[in-house]
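# Notes for the structure review
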Amino acid sequence: DVKVTQSSRYLVKRTGEKVFLECVQDMDHENMFWYRQDPGLGLRLIYFSYDVKMKEKGDIPEGYSVSREKKERFSLILESASTNQTSMYLCASSFLKNYGYTFGSGTRLTVV
Amino acid sequence: QQQVKQSPQSLIVQKGGISIINCAYENTAFDYFPWYQQFPGKGPALLIAIRPDVSEKKEGRFTISFNKSAKQFSLHIMDSQPGDSATYFCAASYSGGYQKVTFGTGTKLQVIP
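This section reports on the structure supplied with the text. Note that the structure is predicted; figures quoted are calculated from it, not measured. (Residues numbered from 1 in each chain as written. Chains lettered and ligands numbered in written order. Predicted model: local features only at pLDDT ≥ 70, side-chain atom pairs only at ≥ 80, totals over all residues. Heavy atoms only, no water.)

### So, the interface of chain B and chain A
Just so we agree on the cut-off: Should any heavy atoms of two residues lie within 4.5 Å, those residues are considered in contact. Buried area is calculated as the accessible area (1.4 Å probe) missing from two parts once they are joined, with the contributions of both summed. By definition here, a salt bridge exists when the distance from a side-chain nitrogen of Lys or Arg to a carboxyl oxygen of Asp or Glu is within 4 Å. Polar contacts, as used here, are pairs of N or O atoms within 3.5 Å; protein pairs need one atom able to donate a hydrogen and one able to accept it. Residues neighboring in sequence count only if both atoms are side-chain atoms. Residues are grouped as follows: Ala, Val, Leu, Ile, Met, Phe, Trp, Tyr, Cys and Pro are nonpolar; Asp, Glu, Lys and Arg are charged; all remaining types, including Gly, are polar.
Contacts between the two partners involve 22 residues from chain B and, on the opposite side, 26 residues from chain A. For the pair chain B and chain A, the summed buried area comes to about 1,900 Å², and 50% of that belongs to carbon and sulfur atoms. At the surface where chain B touches chain A, the tally comes to zero salt bridges. Counting the contacts that link chain B with chain A gives four residue pairs in polar contact (both at pLDDT 80 or more). Among the residues making up the side of chain B that touches chain A, the classes are represented as nine nonpolar, nine polar and four charged.

Written as structure tokens, this is what we have:
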């Protein structure tokens, strides 16, 4: 069974902390994505990557960065966590452009 | 230009009834229209998808209807079951350039016995 695994289901961090969210996929997918999900706003794209060491900004990249050192791993970094970054974070991967995503189960981050 | 508008925001359907969720898009370059199903505490899962060369696609009780001229597509769930209770997201993307999928805001479906 193919999987996208997010390292934490729940996280509580303090304002100003540097936060790392990890995502690993075992499907040898080229493409990986980070979304945040908020009620009434749907899913919003933060960053994506089409290859190792490659990254592109999504629609809401401010306050975030990413790292993709290996094909299977895509990390989201909150440089200095703020309360407005409290959200559900979803990682996804896809085999080809314009194909369906496989999502992880999400990390619910609370910044206090 | 990149929006996908989804309605209704929530939906209550009797068991055995038909659930219908609608989406409208603006960007005529979109050429891939997936639907995702999300249960509480889980990530979204790809349910069914359509490309604009067909007007309808059916998989079991789930059907996508696609109207290219109206720039609308909809999900129909026939014989709705309590196990279908979930949040449904429509989405759209296009082949050119990077695959940036645009999602609708979601519809919370509740199927009552």
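### Side note on the pairing of strand β6 (residues 42-49) of chain A
All names here are of chain A. So the rule is basically this: A 1.4 Å probe rolled over the protein chains alone gives each residue an accessible area, and that area as a share of the maximum for its type sets the label: buried under 20%, exposed over 50%, partly exposed in between. Labels follow the DSSP assignment, with helices taken as runs of H or I lasting at least four residues and strands as runs of E lasting at least two, numbered in each case from the N terminus. DSSP bridges decide pairing: two strands pair if at least two such bridges lie between them.
For β6, a buried count of seven out of eight residues is recorded, marking the element as mostly surrounded by other parts of the structure. Counting the residues that bridge the hairpin from strand β5 (residues 31-38) to β6 gives three residues, and of these Gly40 lies at a positive phi of roughly 80°. By the bridge criterion, two bridges tie β6 to strand β7 (residues 56-57) in an arrangement that is antiparallel. Looking at the pairing, Tyr47 lines up with Lys57 of β7. In this antiparallel pair of consecutive strands, β6 and β7, the connection spans six residues, and Lys53 shows a positive phi of 65°.

### Focus on the environment of A:Lys3
Residue and element names in this part refer to chain A. Mapped onto the fold, Lys3 is located in the segment before β1 (4-6). According to the relative accessible area criterion, Lys3 is partly exposed, its value standing at 47%. Taking the C-alpha atoms as reference, Lys3 lies 7.5 Å from Thr102; in sequence the two are 99 residues apart. For Lys3, the residues in contact, after removing those within four places along its chain, are Val24, Gln25, Asp26 and Met27.

### Concerning a nonpolar patch on the surface
To keep it simple, the criterion reads: Patches were defined on residues exceeding 30% relative accessible area and lacking a salt bridge, with like-charge contacts within 9 Å and nonpolar side-chain contacts (Val, Leu, Ile, Met, Phe, Trp, Tyr) within 5 Å. To be clear on the numbers: accessible area is Shrake-Rupley with a 1.4 Å probe, and residue cover counts the displayed protein chains and nothing else.
A contiguous nonpolar surface patch, about 310 Å² in accessible area, is contributed by A:Phe95, A:Leu96 and A:Tyr99. A relative accessible area of 44% means that A:Tyr99 is categorised as partly exposed.

### So, the packing of aromatic side chains
Heads up, the rule is: When two rings of Phe, Tyr or Trp (its six-membered ring) have centres within 6.5 Å they constitute a pair, described as stacked for plane angles under 30 degrees, edge-to-face for angles over 60, and tilted for the intermediate range.
One pass over the structure, following the stated rule, counts 22 aromatic pairs over all chains. On the basis of an interplanar angle of 65° and a centroid distance of 5.7 Å, the ring pair of A:Tyr101 and A:Phe103 is categorised as edge-to-face. For A:Tyr101, a relative accessible area of 3% gives the class buried. Taking the centre distance of 6.1 Å and the plane angle of 40° together, the rings of B:Phe30 and B:Tyr94 count as tilted. Separated by 64 residues along the polypeptide, B:Phe30 in the loop between β3 (19-25) and β4 (33-38) and B:Tyr94 in the loop between β9 (86-92) and β10 (102-103) bring together distant segments of the chain. In this structure B:Tyr94 comes out as partly exposed when scored by relative accessible area, which is 25%. Members of the aromatic cluster, connected to one another through ring pairs, are A:Phe33, A:Tyr35, A:Phe48, A:Tyr50, A:Tyr101, A:Phe103, B:Tyr36 and B:Phe103.

### Some words on the side chain of A:Thr107
Residue and element names in this part refer to chain A. Along the chain, Thr107 falls in strand β12 (residues 107-111). Side-chain polar atoms of Thr107 contact the side chain of Gln6, separated by 3.4 Å. At a separation of 2.5 Å, a polar atom in the side chain of Thr107 contacts the main-chain carbonyl oxygen of Ser8. Ignoring any residue separated from it by four or fewer positions in sequence, one finds Thr107 in contact with Gln6, Ser8, Arg9, Leu11, Leu21, Ser87, Met88 and Tyr89.

### Structural notes on the pattern of salt bridges
A side chain with one charge may pair with a side chain of the opposite charge, provided their charged atoms come close. On inspection of all chains with the given rule, the structure shows eight salt bridges over all chains. B:Lys57 is the salt-bridge partner of B:Glu59, the closest N and O atoms lying 3.7 Å from each other. Residues participating in the shared-partner salt-bridge network are A:Asp28, A:Glu30 and A:Lys71.

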